[in-house]
Amino acid sequence: ARAQKSCEKPVYLTFDTGHMAVAPLIADVLKRQDVKVTFFAANERTQVGDGSLGQHWASWWTARAAEGHDFASHTYDHVYWRADLPGVKPNFRVRPSAGALAGREFTWTAEQYCAQLRLANERLQDFTGKTPLPLFRAPGGKTSPKLLAAAKACGFAHVGWAPAGFLGDELPSNTNSNDMLLAKALRDVRQGDILMAHLGIWSRQDPWAPKVLEPLIVGLKARGLC
């Protein structure tokens, strides 16, 4: 929004990391449409190269920073909150879906969770030379008041998405076609909504990006949103 002279009716487009195969295409669309977004990054498994916050993708992140995009943490190992555990100090049951410990459940302290938030930020800052925003997005959007308080105490506020802003790129394409998802978003998105999609979803057969992304941006602009 900052690049535009004035933005009376904003919507906020955000991307979480994914398999990254569509990342170059997404970057092209954003550049062509002169749209700035916030990327919430974790070090996820990718189709090419190492993790999404690995060396292979360093130049991609550097280029996005040069274009004026913003960055925030998605936990380094894409760690799902599973449950709060009883006790005086906050402890959480968690399950990373990336990294060496993927798929296993652990009990973490607030400090261990904060270390994950910071690790993603350190990698982003390293690649972009830009201080990430003091925000994070919990994988799957799954949180608890206790988890949010623990993250807030170490400097991270949580950002979810609006119901209409769930762009559906992770839904099965046989039941949620690109045309359907596009029509739904264009109909339902309202001023002030936070929109969320991914840099590639492994399970979706008919990729959402770039097919839906550009018509969505064009359509929202035509509705007077920015």
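Keep in mind the model is a prediction, meaning the values are calculated, not measured. (Residues numbered from 1 in each chain as written. Predicted model: local features only at pLDDT ≥ 70, side-chain atom pairs only at ≥ 80, totals over all residues. Heavy atoms only, no water.)

Draft legend 1. Region of interest: the nonpolar core. In terms of nonpolar packing, the biggest core is built from 42 residues, with Leu13, Phe15, Trp61 and Trp208 touching the most fellow members. Among the elements of the structure, β1 (12-16), α1 (23-32), β2 (38-41), α2 (58-66), α3 (110-128), α5 (178-188), β9 (194-198) and α6 (213-222) are those that each provide at least two residues to this core. Ranked by residues supplied to this core, first place goes to α1 with five residues. Among residues more than four places away in sequence, those in contact with phenylalanine 15 are Ile26, Leu30, Val37, Thr38, Phe39, Phe40, Ala197, His198, Leu199, Trp208 and Leu213. Judged by nonpolar contacts, the second largest core, of 15 residues, contains Val79, Val94, Ala150 and Phe156. (Core = buried A, V, L, I, M, F, W, Y, C linked by side-chain atoms within 4.5 Å. Buried < 20%, exposed > 50% of the residue type's maximum accessible area, 1.4 Å probe, protein only. Helix = DSSP H or I, 4+ residues; strand = E, 2+ residues; numbered from the N terminus. Contact = heavy atoms within 4.5 Å.)

Draft legend 2. Quick peek at the environment of tryptophan 60. On the secondary structure map, tryptophan 60 appears in helix α2. The class for tryptophan 60 is buried, based on a relative accessible area of 8%. When the C-alpha atoms of tryptophan 60 and alanine 27 are compared, they prove to be 8.9 Å apart, with 33 residues separating the residues in sequence. Dropping the residues within four chain positions of it, tryptophan 60 is found in contact with Met20, Ala23, Pro24, Ala27, Phe39 and Leu199.

Draft legend 3. Spotlight on the pairing of strand β6 (residues 106-109). The alternating pattern of β6 places Phe106 and Trp108 on a buried face and Thr107 and Thr109 on a face that is not buried. Here strand β5 (residues 91-96) runs beside β6; their pairing, made up of four bridges, is antiparallel. What sits directly across from phenylalanine 92, in β6, is tryptophan 108. (Pairing = 2+ DSSP bridges.)

Draft legend 4. Spotlight on the state of the cysteines. As enumerated under the stated definition, the model contains two disulfides in all. Between cysteine 114 and cysteine 154 runs a disulfide, and the two sulfur atoms are separated by 2.0 Å. Measuring handedness by torsion sign, the sulfur bridge of cysteine 114 and cysteine 154 sits at about -90 degrees and is left-handed. One end of the pair, cysteine 114, is in helix α3; the other, cysteine 154, is in the loop between α4 (145-153) and β8 (157-158), and 40 residues separate them in sequence. Each bonded cysteine of the protein is numbered by sequence order, and under that numbering the disulfide pairs are 1-4, 2-3. (Disulfide = S-S within 2.5 Å.)

Draft legend 5. Seen up close, the side chain of aspartate 193. Looking at the element boundaries, aspartate 193 is found in the loop between α5 and β9. Here aspartate 193 is buried and forms no salt bridge, its nearest opposite-charge partner arginine 190 lying at an N-O distance of 6.7 Å. Among the polar contacts made by the side chain of aspartate 193, one reaches the main-chain amide nitrogen of arginine 190 at a distance of 2.9 Å. (Lys, Arg positive; Asp, Glu negative; His and termini not counted. Salt bridge = Lys/Arg side-chain N within 4 Å of Asp/Glu carboxyl O. Polar contact = N/O pair within 3.5 Å; in protein donor to acceptor, adjacent residues only side chain to side chain.)

Draft legend 6. The packing of aromatic side chains, seen in detail. Applying the stated rule across the entire model yields eight aromatic pairs. Measuring from ring centre to ring centre gives 5.4 Å for phenylalanine 39 and tryptophan 60, while their planes differ by 75 degrees; the resulting arrangement is edge-to-face. With a gap of 21 residues between them, phenylalanine 39 in strand β2 and tryptophan 60 in helix α2 connect regions that are remote in the sequence. Here phenylalanine 39 falls in the buried class, since its relative accessible area comes to 0%. Geometrically, the ring pair formed by phenylalanine 39 and tryptophan 61 is edge-to-face, given 5.8 Å between the ring centres and 90 degrees between the ring planes. With phenylalanine 39 in strand β2 and tryptophan 61 in helix α2, this residue pair connects regions lying 22 residues apart in the sequence. A connected cluster of aromatic rings, assembled from ring pairs, spans Phe15, Phe39, Trp57, Trp60, Trp61 and Phe71. (Phe/Tyr/Trp six-rings, centres within 6.5 Å; stacked < 30°, edge-to-face > 60°.)

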